Amino acid sequence: MTELDHRQVGRDSLFLMADVRLAGAGDEHRVKVRNLSGGGMMAEGHVKVTRGAKLDINLRNIGWVEGVVAWIQENRFGIAFMEDIDPKLAREPVSNGKGESTPRFVKPVLAVVDPTRLRKI
């Protein structure tokens, strides 16, 4: 694909957070994901990257993905993934692994009432 062909690939505009780790460095940096497609993403953050630098990105519900910095503009930069991903997975709610998508601390508390302890008025 040429650079013009890549610009025609559909992207989802969204706001997520992701961790970025430069190849060969152990430090992780938190970035904002501004848009995401199967072949890449735009990230925003204060990470010192250079065009062509290899890095790993930890995307929600997807995990670590390898990529290369395609372009840089101020504190935003584009990343081309080494392998295509399913960007819709990143939009899905985070699962706790038990088939439930809503975390326990968000659910309303349901009182368990023992009917034998109720008194009639």
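For the structure, see preceding data.
Bear in mind that the values here come from a model prediction, so they are computed numbers and not experimental data.

Digging into the overall build of the chain
Part 1: On a plain count of helices and strands, the chain comes out with 2 helices and 6 strands.
Part 2: In the chain, the succession of α and β elements from N to C terminus is α-β-β-β-β-β-β-α.
Part 3: Here the chain holds 121 residues, and the buried ones make up 29% of them.
Part 4: The contacts in the chain between residues at least 6 apart in sequence include a share of 47% that link residues at least 24 apart.

Considering unusual backbone geometry
Part 1: Of note, the phi angle at Asn61 is positive, near 65°, even though the residue is not glycine.
Part 2: Relative to the helices and strands, Asn61 resides in the loop between strand 4 (54–59) and strand 5 (63–73).
Part 3: Since its relative accessible area comes to 36%, Asn61 is described here as partly exposed.
Part 4: Located in the positive-phi region is Glu74, a residue other than glycine, with phi close to 55°.
Part 5: When you line up the elements, Glu74 lands in the loop between strand 5 and strand 6 (76–81).

Comments concerning the nonpolar core
Part 1: Counting residues in each nonpolar core, the largest one holds 22 residues, and the members touching the most others are Leu36, Met41, Ile57, Leu59, Phe77 and Phe81.
Part 2: It is strand 1 (residues 12–22) that provides the largest number of residues to this core, a total of 4 residues.
Part 3: Not counting residues up to four positions away in its chain, the partners in contact with Ile57 are Ala18, Asp19, Val20, Met41, Gly63, Trp64, Val65, Gly67, Ile79 and Phe81.

Thresholds applied
- Residues numbered from 1 in each chain as written.
- Predicted model: local features only at pLDDT ≥ 70, side-chain atom pairs only at ≥ 80, totals over all residues.
- Heavy atoms only, no water.
- Helix = DSSP H or I, 4+ residues; strand = E, 2+ residues; numbered from the N terminus.
- Buried < 20%, exposed > 50% of the residue type's maximum accessible area, 1.4 Å probe, protein only.
- Contact = heavy atoms within 4.5 Å.
- Core = buried A, V, L, I, M, F, W, Y, C linked by side-chain atoms within 4.5 Å.

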